[in-house]
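Letter by letter, the chains look like this.
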Amino acid sequence: MATVTLEHVGKIYPGGVRAVEDFCLEVRDGEFVVLVGPSGCGKSTLLRMVAGLEDVSSGTIRIGARVVNDVSPKDRDIAMVFQNYALYPHMTVRENMAFGLKLRGLPRQEIDARVQEAAAILGLDSLLARRPKALSGGQRQRVAVGRAIVRQPAVFLFDEPLSNLDAKMRVQMRVEISRLHRQLGATMLYVTHDQVEAMTMGGRIVVMKDGVAQQADAPLRMYDFPCNRFVAGFIGTPQMNFFDGRISADGSTFEGAAGLHLPMPTEQQAALAAYAGQGVVLGLRPEEIGSVAAEQQPDAPRIRAVIEAVEPMGSETHVHFRSGATAFVGRLDAHGSFPIGQPAAPAVRMAKAHFFDPQTEQRIG
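Residues numbered from 1 in each chain as written. Predicted model: local features only at pLDDT ≥ 70, side-chain atom pairs only at ≥ 80, totals over all residues. Heavy atoms only, no water.

**Student:** Looking at this structure, how should I read the sheet that holds strand β18 (residues 343-344)?
**Tutor:** Sheets are built from strands that pair by backbone hydrogen bonding, the pairs being arranged parallel or antiparallel. Spatially, 4 strands are ordered β17-β16-β15-β18 in an open sheet, and the strand pairing comes out antiparallel. Looking at which strands have only one partner, the edges of the open sheet turn out to be β17 (326-333) and β18. Across 2 bridges, the pairing between strand β15 (residues 305-312) and β18 is antiparallel. Each bridged residue has a counterpart across the sheet, and for V306 the counterpart in β18 is P343. (Pairing = 2+ DSSP bridges. Helix = DSSP H or I, 4+ residues; strand = E, 2+ residues; numbered from the N terminus.)

Right under this line is the structure:
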């Protein structure tokens, strides 16, 4: 396997459109890194530059110790799995998996051995004689992954490979690809717009926006310590709630619209002392907005609101509230009663509150 190093990589399309700007990242040998972000953020362009399918406008890309900026895709020792599977419809599964090896002139015996090994890893043994039209979407994607495995590349590249699958199959394929990474110990760079995929699969996540890397970190650390408001809102389902307001002059209270007064976490008061009397943005994850019933937690700080919508999720209920002009959502008990249109006062746990500068949107606490 090999490392992938991107040093100040940029991509500018004709007309001056900047798709990727000054991107730096090192994917360590055997690491699984996920690039995640909204559509148009540059993540697929970046992956295609690593693959050699897009020219690099600036910067350097290395695979192992070799600079590959001007190396053709077939000579980069990479294998790419696409969103649309890209299988040959007239070939069997076995032939699809073996095709690239035949083009490289490998002996028939070695080709058969590699195909059988990959098929065993992916559970495709009984499907080798079928053609793509006789396979489900998940089976086709496994064939596409198998075609990559048989090449035994230094680096695997995945470009939104699960986007065409239904919800149940996406979960299964997430598990299979993660298991495959552990089994092969392979270097993998994976692109998705789905932050659930990123959180559950990546050993490290890189969040992108407008062609710029916002934060690179382990999934749970990014969830707990987002570097800015964009990352905080992008990572997590439902997304983080944001409240505009100010910290009181004595630094003890967050004061927001519609008479909102919430006690500042004691452990954060010193760090936020410079913002006393100034505007900030409060961020609260839905799980920090708890019980509606005041009698259950009589001393808890609360937000006076109205229930606007209720989404039963089975194991929990997502309750959508409105306080003045601010809408927010809480994750509450699955069997609670939440009458739409009625006033409510959900309790708030401020211990894990996040604070952001309203101008720079950087995390300040």
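Right, picking up where we left off after that structure.
**Student:** Just checking my understanding: could you explain the nonpolar core for this structure?
**Tutor:** Most often, soluble globular proteins keep nonpolar side chains buried together rather than apart. The biggest cluster of nonpolar side chains holds 48 residues, and the ones touching the most others in it are M97, F158, I177, Y190 and V207. Not counting residues up to four positions away in its chain, the partners in contact with I177 are F32, F158, L162, Y190 and M201. Membership of the second largest hydrophobic core comes to 31 residues, among which are V27, C41, V68 and V191. (Core = buried A, V, L, I, M, F, W, Y, C linked by side-chain atoms within 4.5 Å. Buried < 20%, exposed > 50% of the residue type's maximum accessible area, 1.4 Å probe, protein only. Contact = heavy atoms within 4.5 Å.)

**Student:** Even after reading the chapter, I still don't get the pairing of strand β4 (residues 58-63), so can you show me in this structure?
**Tutor:** As judged from the 5 bridges shared by strand β1 (residues 4-13) and β4, these two strands associate in the antiparallel manner. Residue pairing for β4: G10 is matched across the bridge by S58. Two elements, β4 and strand β5 (residues 66-67), share 2 bridges in a ladder whose sense is antiparallel. When the bridges of β5 are listed, R62 appears paired with V67. Remark: 2 residues form the turn of the hairpin made by β4 and β5, two consecutive strands paired antiparallel; G64 in that turn has positive phi of roughly 70°.

**Student:** Looking at this structure, I do not really get helix α4 (residues 137-150). What am I missing?
**Tutor:** Note that an α-helix has 3.6 residues per turn; residues three or four places apart therefore point the same way. Its 14 residues give α4 an end-to-end C-alpha distance of 20 Å, which sits within 8% of 20 Å, the value for a rise of 1.5 Å per residue. Burial analysis of α4 places 12 of its 14 residues in the buried class, the great majority of the element. Within α4, the full set of buried residues consists of G138, Q139, Q141, R142, V143, A144, V145, G146, R147, A148, I149 and V150. Packing partners of the buried residues in α4 comprise β6 (78-81), α2 (93-103), α3 (108-122), β7 (155-159) and α5 (167-184). Just downstream of α4 lies Q152, where phi reads positive at about 50°. (Expected span 1.5 Å × (residues − 1).)

**Student:** Which parts of the structure should I look at to understand the layout of surface pockets?
**Tutor:** Vacant regions in the atomic arrangement are exposed by a probe of water-molecule size rolled over the atoms. Here the largest pocket defines a volume of roughly 580 Å³. Taken together, 19 residues form the lining of the largest pocket, with I78, M80, G100, R147 and R151 sitting closest to its centre. Of all the elements in the fold, those that place two or more residues in the lining of the largest pocket are β6, α2 and α4. Considering every element that reaches the lining of the largest pocket, the biggest residue donor is α2, with 4 residues. Residues that form the lining of the largest pocket fall into these classes: 13 nonpolar, 2 polar and 4 charged. (1 Å grid on protein atoms, 1.4 Å probe; cavity = no way out; pocket = protein on both sides within 12 Å on 5 of 7 lines; lining within 4 Å. Points joined across faces, edges and corners; volume = space filled by probe spheres on them. Nonpolar A, V, L, I, M, F, W, Y, C, P; charged D, E, K, R; others polar.)

**Student:** Just to check I follow, could you spell out α2 for this structure?
**Tutor:** Within the sequence span of α2, burial applies to V93, N96, M97, A98 and L101. Lining the buried residues of α2 we find α3 and α4. Immediately downstream of α2, the backbone of G105 shows phi near 80°, a positive value.

**Student:** What am I meant to see in the sheet that holds strand β2 (residues 17-27) here?
**Tutor:** Spatially, β2-β1-β4-β5 is the arrangement adopted by the 4 strands of the open sheet, whose pairing is antiparallel. Edge positions in the sheet fall to β2 and β5, since each of these pairs with one other strand and no more. Relative to β2, β1 is paired through 7 bridges, and the arrangement is antiparallel. Across the sheet, Y13 pairs through a bridge with V17, a residue of β2.

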